[in-house]
Amino acid sequence: MASATPYATGRVIAALILGVLIYGLAMGTTYPLLGIVLSDRVAESWNGLNAAATGLGLLLGVALVPILARRLGAGRTAILGIVLMAAALAVLAAVRDFWALFAARLALGCGANLLFVVAETALNVFASPQRRGRVMGLYTAAVAFGFVVGPAVVALTTDRPGLLLVACAAVTLAALAPLGRTRRAVDAAVLPVPASRLAGSVRAFPFAFGFLFVASAVDAVAISLLPVIALRQGFAVETGALFVTVFHVGLLVGQPLVGLALDRVGRRRTVLGCCALSLVAALLMADAESLGRWPAMALLFGWGGANYGLYTAGLALIGDRFRGAALTAATAAFAAVYAAAALVSPPLAGGAVALAGAAGFHLAAAAVYLAVGLVGLALFRPAEPTLGRKARRRRVSIDSGGRAQLPFSRKFCYSPARYPRRRVMSERLEDIAAAMVVEGKGILAADESSGTIKKRFDSIAVESTEENRRAYREMLFTAREAMENHISGVILYDETLRQKAADGTPFAEVIRAAGAVPGIKVDQGAKALAGFPEEKITEGLDGLRERLAEYHGLGVRFAKWRGVIAISDTLPSWGAVKQNAQALARYAALCQEAGIVPIVEPEVLMDGAPGDHSIDRCYAVTEWVLKTVFAELYDARVALEGMVLKPNMVIDGKKARTASREEVADKTVRCLRATVPAAVPGIAFLSGGQSDEEATAHLSLMNQRHDVPWTLTFSYGRALQAAALKAWGGKTENVAAGQRAFAHRARMNGLAASGAWKSELEAA
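Model, not experiment: these values are computed from the prediction.

### Description of the overall build of the protein chain
Turning to step 1, where the next piece is worked out: Each helix and strand counted, the protein chain has 30 helices and twelve strands in total.
Turning to step 2, where the next piece is worked out: Every one of the 764 residues in the protein chain was classed for burial, and the buried ones make up 58%.
Turning to step 3, where the next piece is worked out: Of all intrachain contacts in the protein chain linking residues separated by at least 6 positions in sequence, the fraction that spans at least 24 positions is 80%.
Turning to step 4, where the next piece is worked out: About 29,000 Å² of surface is accessible on the protein chain, with carbon and sulfur atoms providing 60% of the total.

### With respect to the nonpolar core
Turning to step 1, where the next piece is worked out: Formed by 114 residues in total, the largest nonpolar core has its most connected members in W303, L310, I318, F361 and Y369.
Turning to step 2, where the next piece is worked out: Per element, the largest residue contribution to this core is 14 residues, and it comes from helix α4 (residues 98–126).
Turning to step 3, where the next piece is worked out: Aside from chain neighbours lying at most four places away, what touches Y369 is V214, V218, C275, S278, L279, A282, W303, N307 and L310.
Turning to step 4, where the next piece is worked out: Of all hydrophobic cores here, the second largest spans 113 residues; its members include L584, I683, A695 and M748.

### Observations concerning the environment of M85
Turning to step 1, where the next piece is worked out: Of note, M85 is situated in helix α3 (residues 74–94).
Turning to step 2, where the next piece is worked out: In sequence terms M85 and T172 are 87 residues apart; their C-alpha atoms lie 7.3 Å from each other.

### Thoughts on the packing of aromatic side chains
Turning to step 1, where the next piece is worked out: A complete count under the given rule lists 18 aromatic pairs for this structure.
Turning to step 2, where the next piece is worked out: Between the aromatic rings of Y472 and W728, the centroid separation amounts to 5.3 Å while the plane-to-plane angle is 35 degrees, which identifies the pairing as tilted. Note that Y472 is positioned in helix α20 (residues 466–477) and W728 in helix α29 (residues 718–728), a separation of 256 residues in sequence.
Turning to step 3, where the next piece is worked out: Residue class for Y472 comes out buried when judged on its relative accessible area of 1%.
Turning to step 4, where the next piece is worked out: What makes W728 buried here is its relative accessible area of 3%.
Turning to step 5, where the next piece is worked out: Where F477 meets F507, the ring centres are 5.2 Å apart and the plane angle is 85 degrees; that geometry is what we call edge-to-face. Here the residue F477 occupies a position in helix α20, and F507 occupies one in helix α23 (residues 507–513), the gap between them amounting to 30 residues.
Turning to step 6, where the next piece is worked out: By way of ring pairs, the aromatic residues F209, Y308, Y311, F334 and Y338 are connected into one cluster.
Turning to step 7, where the next piece is worked out: Cation over ring: R293 sits above W294, and NZ or CZ is 5.3 Å from the ring centre.

### A word on the pattern of salt bridges
Two side chains with opposite charge may pair up if their charged atoms get near one another.
Turning to step 1, where the next piece is worked out: If you walk through the whole model with that rule in mind, you get 31 salt bridges.
Turning to step 2, where the next piece is worked out: Here R473 makes a salt bridge to E448, at a shortest N to O gap of 2.8 Å. Of this pair, R473 sits in helix α20 while E448 sits in the loop between β3 (442–446) and α19 (450–458), and the two are 25 residues apart along the sequence. E448 shares its class with R473; the two are buried.
Turning to step 3, where the next piece is worked out: In this structure, E467 and R470 form a salt bridge, with 2.9 Å as the shortest nitrogen-oxygen distance. Of the two residues, E467 and R470 are both situated in helix α20; the distance of three residues between them amounts to about one turn of the helix.
Turning to step 4, where the next piece is worked out: Connected through salt bridges with shared partners, the residues D447, K560, R562, E601, E603 and K646 form a single ionic network.

### Here we look at a nonpolar patch on the surface
Turning to step 1, where the next piece is worked out: On the surface, a nonpolar cluster with roughly 500 Å² of combined accessible area is contributed by L56, L59, F213, L343, V344 and L348.
Turning to step 2, where the next piece is worked out: When residues of the nonpolar patch are traced back to their parent elements, those giving at least two are α2 (44–72) and α15 (324–356).
Turning to step 3, where the next piece is worked out: Among the elements that line the nonpolar patch, the one with the most residues is α15, at three residues.
Turning to step 4, where the next piece is worked out: Looking at the secondary structure, you find F213 in helix α10 (residues 206–232).

### Overview of the side chain of E694
Turning to step 1, where the next piece is worked out: With respect to the element layout, E694 can be found in helix α28 (residues 692–705).
Turning to step 2, where the next piece is worked out: For E694, the residues in contact, after removing those within four places along its chain, are R657 and R661.

### A few points about the pairing of strand β9 (residues 597–604)
Turning to step 1, where the next piece is worked out: Summarising burial for β9: eight of the eight residues are buried, a large majority.
Turning to step 2, where the next piece is worked out: Of the two faces of β9, both are covered, the one formed by V597, I599, E601 and E603 as well as the one formed by P598, V600, P602 and V604.
Turning to step 3, where the next piece is worked out: Across eight bridges, strand β8 (residues 558–565) lies against β9 in parallel orientation. Paired with W561 across the strands is V600, a residue of β9.
Turning to step 4, where the next piece is worked out: Of the crossover connections in this fold, the one passing from β8 over helix α25 (residues 574–593) to the parallel β9 is right-handed.

### Observations concerning the confidence of the model for the protein chain
Turning to step 1, where the next piece is worked out: This prediction gives the protein chain a mean pLDDT of 83; 85% of its residues lie at or above 70.
Turning to step 2, where the next piece is worked out: Strand β2 (residues 404–405) is the least confidently modelled element of the protein chain, averaging 38 in pLDDT, while strand β10 (residues 644–645) averages 98, the highest of any element.
Turning to step 3, where the next piece is worked out: A low-confidence stretch, residues 41–50 stays under pLDDT 50, and its non-local contacts, those more than four residues away or across chains, total 20 contacts.
Turning to step 4, where the next piece is worked out: Under a pLDDT of 50 for its full length, residues 388–426 has, in the predicted model, 96 contacts with residues more than four places off or in other chains.

### A closer look at the side chain of H486
Turning to step 1, where the next piece is worked out: Mapped onto the elements, H486 comes out in helix α21 (residues 480–486).
Turning to step 2, where the next piece is worked out: The class of H486 is buried, set by a relative accessible area of 12%.
Turning to step 3, where the next piece is worked out: Apart from residues lying up to four places away in sequence, H486 is in contact with G440, K441, G442, E481, F714, A743, A746 and R747.

### Observations regarding the packing of helix α11 (residues 237–264) against helix α14 (residues 293–321)
Turning to step 1, where the next piece is worked out: Relative to each other, α11 and α14 sit at 45 degrees, their axes nearing to 6 Å. By the angle between their axes, α11 is oblique relative to α14. Note on packing geometry: the crossing formed by α11 with α14 is right-handed.
Turning to step 2, where the next piece is worked out: By residue class, the composition of the contact of α11 with α14 is 17 nonpolar, nine polar and one charged.

### Comments concerning α14
Turning to step 1, where the next piece is worked out: Compared with the 42 Å implied by 1.5 Å per residue over 29 residues, the 42 Å span of α14 between its first and last C-alpha is a close match.
Turning to step 2, where the next piece is worked out: Where α14 bends most, at G309, the angle is about 25 degrees.
Turning to step 3, where the next piece is worked out: Counting buried residues along α14, 22 of its 29 residues qualify, which places the element largely inside the surrounding structure.

### A short note on unusual backbone geometry
Turning to step 1, where the next piece is worked out: In this structure, P572 follows L571 across a cis peptide bond, with omega equal to 10 degrees.
Turning to step 2, where the next piece is worked out: Tracing the sequence through the fold places P572 in the loop between β8 and α25.
Turning to step 3, where the next piece is worked out: A positive phi is found at R637, a non-glycine position, where the angle reads about 60 degrees.
Turning to step 4, where the next piece is worked out: Position of R637 among the secondary structure elements: in the loop between α26 (615–635) and β10.

### A look at helix α16 (residues 360–379)
Turning to step 1, where the next piece is worked out: Compared with the 28 Å implied by 1.5 Å per residue over 20 residues, the 28 Å span of α16 between its first and last C-alpha is a close match.
Turning to step 2, where the next piece is worked out: Every buried residue of α16 is accounted for by G360, F361, H362, A365, A366, Y369, V372, G373 and G376.

### A closer look at the pairing of strand β5 (residues 517–521)
Turning to step 1, where the next piece is worked out: For β5, the tally of buried residues reaches five of five residues, placing the bulk of the element in the interior.
Turning to step 2, where the next piece is worked out: The alternating pattern of β5 places V517, G519 and K521 on one face and P518 and I520 on the opposite face, and all of these are buried.
Turning to step 3, where the next piece is worked out: Sheet topology places strand β4 (residues 487–492) next to β5; four bridges connect them, and they run parallel. Bridge pairing links L492 to I520 in β5.
Turning to step 4, where the next piece is worked out: Here β5 runs beside β8; their pairing, made up of three bridges, is parallel. Across the sheet, the residue bridging to K521 is K560, located in β8.

### A closer look at the state of the cysteines
Turning to step 1, where the next piece is worked out: Under the counting rule described, the total for this entry stands at zero disulfides.
Turning to step 2, where the next piece is worked out: Sulfur of C275: no disulfide; nearest cysteine sulfur belongs to C274 and is 7.2 Å away.
Turning to step 3, where the next piece is worked out: Assessed through its relative accessible area of 3%, C275 is described here as buried.

What counts and what doesn't
Residues numbered from 1 in each chain as written. Predicted model: local features only at pLDDT ≥ 70, side-chain atom pairs only at ≥ 80, totals over all residues. Heavy atoms only, no water. Helix = DSSP H or I, 4+ residues; strand = E, 2+ residues; numbered from the N terminus. Buried < 20%, exposed > 50% of the residue type's maximum accessible area, 1.4 Å probe, protein only. Contact = heavy atoms within 4.5 Å. Areas by Shrake-Rupley, 256 points an atom, 1.4 Å probe, with all protein chains shown as cover. Core = buried A, V, L, I, M, F, W, Y, C linked by side-chain atoms within 4.5 Å. Phe/Tyr/Trp six-rings, centres within 6.5 Å; stacked < 30°, edge-to-face > 60°. Lys NZ or Arg CZ within 6 Å of the ring centre and 35° of its normal. Salt bridge = Lys/Arg side-chain N within 4 Å of Asp/Glu carboxyl O. Patch = residues over 30% accessible without salt bridge, like charges linked within 9 Å, V, L, I, M, F, W, Y side chains within 5 Å. Pairing = 2+ DSSP bridges. Right-handed = clockwise from strand over helix to strand, strands pointing away. pLDDT = per-residue confidence, 0-100. Axes fitted to C-alpha atoms, helices over the stretch in contact; angles between N-to-C directions. Parallel < 35°, antiparallel > 145°, perpendicular 65-115°, else oblique. Left-handed = near helix turned anticlockwise from the far one by under 90°. Nonpolar A, V, L, I, M, F, W, Y, C, P; charged D, E, K, R; others polar. Expected span 1.5 Å × (residues − 1). Bend = angle between axes of the 7 residues up to and from the residue. Disulfide = S-S within 2.5 Å.

And the structure:
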C-alpha cells in the first residue's frame, strides 16, 4: 500500500472509520445493557468483579495483537476481534453461569482491542500528516457516537435485554463488511512487532502517552462517578445522569473540531488549548451548585470535548513520531495505557471525593491539567507537519548570525510564540532543518574537493587555481534568480567557506543574503577499509568537535558527511555497512552537540564497479543500509527532527539501466517508507550518476505519485552545475550565461520538489 493512490487511501480510511462506527454503536449499547442483564444472573457482590473482566480483556488484547498480527496478518486480526466480540455478546445473551459470563466479558474486551490497535495503526499509516488530525478527530467521534446513542437505545428497550444483546452481536458482525474490504491494505500497512517493544514506545514519547492517560482517566471517572458527585453537589439523580450524557455529547461534537485545530493551528497549540479549557471547566465545576444546572451542563459539554481532545491529539502525535513496526508498538502501548488509566482512575477519584467532598475530583483534575499544561508549555515541542508544509510556501531567510527568519503569520510560525514582523527565530535544530527543506527548494552541493573540482575544470579546459575556483563559486552564489527562488542551502568546501566575493563579502554572507543556509562538508574522504578489499570507510572524526565549533563561528548551520557503500552481487559486507553507519551516527551526534544540523549521506553507489546490479539488488542493499544507519543514529541519541537524510535513489546500475522512471520513483519511496522514521523532516536526494533530466524526473514523480511524511527534495551537485559550468567556460564574459543555465536547472528541480516538473519545460 505504500504506493496507494489518494483515492484508494481515502477509501481505506473511510472503511476503517465506518467499521469502528458500527462497532461503537454496538458496544455503546452493550456496556450499559450488561449491568441490567447481569443483575438477575450474578450476585451483587460478584457483579463488580465480573465488570472488571472487560478491562482485563482489553489488556489481553494488547498482548495478543503482536502474536496474531505476525501469524494471521493485521487485517485478519481486526476481523478476528469483530468475530470474537459478536460471539461474546451471543454468550452474554444466553448463559447464566458466572464464569461463563466472566469469560465472555474477557473475550469482549480482548476483541475490542484487537480491532482498536489495528484500526488506529492503519489510520495513522494512511492519513497524510497534513490531514492526520482531522482523520483522528473523525475516528474518535465515530467511536463516541455509539457510546452517546447506545444508552438511549437501552432506555427504550429495557424489557428485552437478551434480545437486544443478540441484536448488538448482529450489528457488530456488520462491521465485517467495510473492514473486510480493507484487509489486504491493512495487512500491508500494519507491521507486526514484538510485545517487548511496547514499553520502549512510552519512553520514546512520554508526552503523547501522558496526554492519553489524562484523557482516559477523566473520561472513566465521568462515566462512573459524575452522577454521584452531582448528587453530592445538590443536583437531582436525573440531572447527574444527564451530566454524563452532556459530557459525552461534548466529546462527540468536539473531536472533529479538535482534529481540525491539530491540522490548522498546530499540535502544540491545540494540546495546550485543550489543557487550558479543561482546567477552567474543572475549576468552575468544583462550585457547580452555585452555577446552576444549565451553566454546569454548558461547562461539561466543553470539558468533554477538550478533555478527549488530548486522546485525539495523542493518536495524531504517535502517527507523526513513529513509522512501521514502531508505530504498531506505539499504538498497542497506547491501548494498554488507556486501559490502565480506566482501571486506576475511578478508585483514585473516589478517594479524592472522600477526602475533599464533592469538589475533590474537580480540584484533583484541575491540578493534573495545570501540571500537564505547565510541563507541556516548557518542554513539549512536537513536529508540526501541517505547519511545516505551510512554512515551505513562505520565504525563510537567514540573518547575519545564521539564524532563520520568518515573516509573521497568524496562521503559522515555527515556534509557538507569535513573532512580530521579521523577528529572529531561535536556533533550534528543528527550525534550521525545516528551513533547509522548504517546499519547492533544494540544496546546492558545492562541496567538491580540490581533486574533484580539478576534474570538472579539466573537462572545460580551465586551470584549477584558487582564483578560478573562487570566481566559479561566486557565479553560482550570486545568481539571484536561482538562489533566492530555488535554493534553500549550500554545502561548501573548507576552502570555499573561507573565500570572499569580489566585493569582499564572505561567501557565507552572500548565501545568507540570498535566503539560504550555509553548510559545510566535514568528512575527509573515503579511504580503503582495512581488511575489506574493494570497500571504503569515510574518515574525519578525529578533531571534528573542534572543527565544528570553528565552523559554527563562521556562520555554518549544517554539515554533510558521505558514507560510500559499494554494491555488487557479493558487496557490501556487513562490516563495511556497520562501520560506515557508526561513523555517520558519531558525526551526526557531534554536529547536534555543536548546534549544527547534520546531513546524513549513506550512498549506495550507482556507478561503482561493476555497475551492472539490478534495481531489486539496489533496493535490498539500500534498505539494509538505511535500517542500519537509523539504528546507529538511535543508539547515538541523535534527534531525528534536527537532521536531514541524503540517500541515493533506488536505481539499477549504470551498466544495467532497464528500470523505468516510474519504477525508480515507486521503489525509492517504498524503500524509504520501510526505513525512515516520520520524525525526519526532509529527504534531500543525491543525483548519484544520473543525468540532469533523469534526476529531476525521478524526484518529480516521487512527489506526484506519493503522499509521504517527509519533504522530498534535492541535494544535487553535478546535476545542478554541469550545464552552468559548461556555459561559463572559465570566461568572465560568460558569467551571465552560466547563471542562466544554473537558474534553469535550479528551477526545474524546484518544480520537481513540488511534483510540478514536466519534460516539456526543459525546452522553455
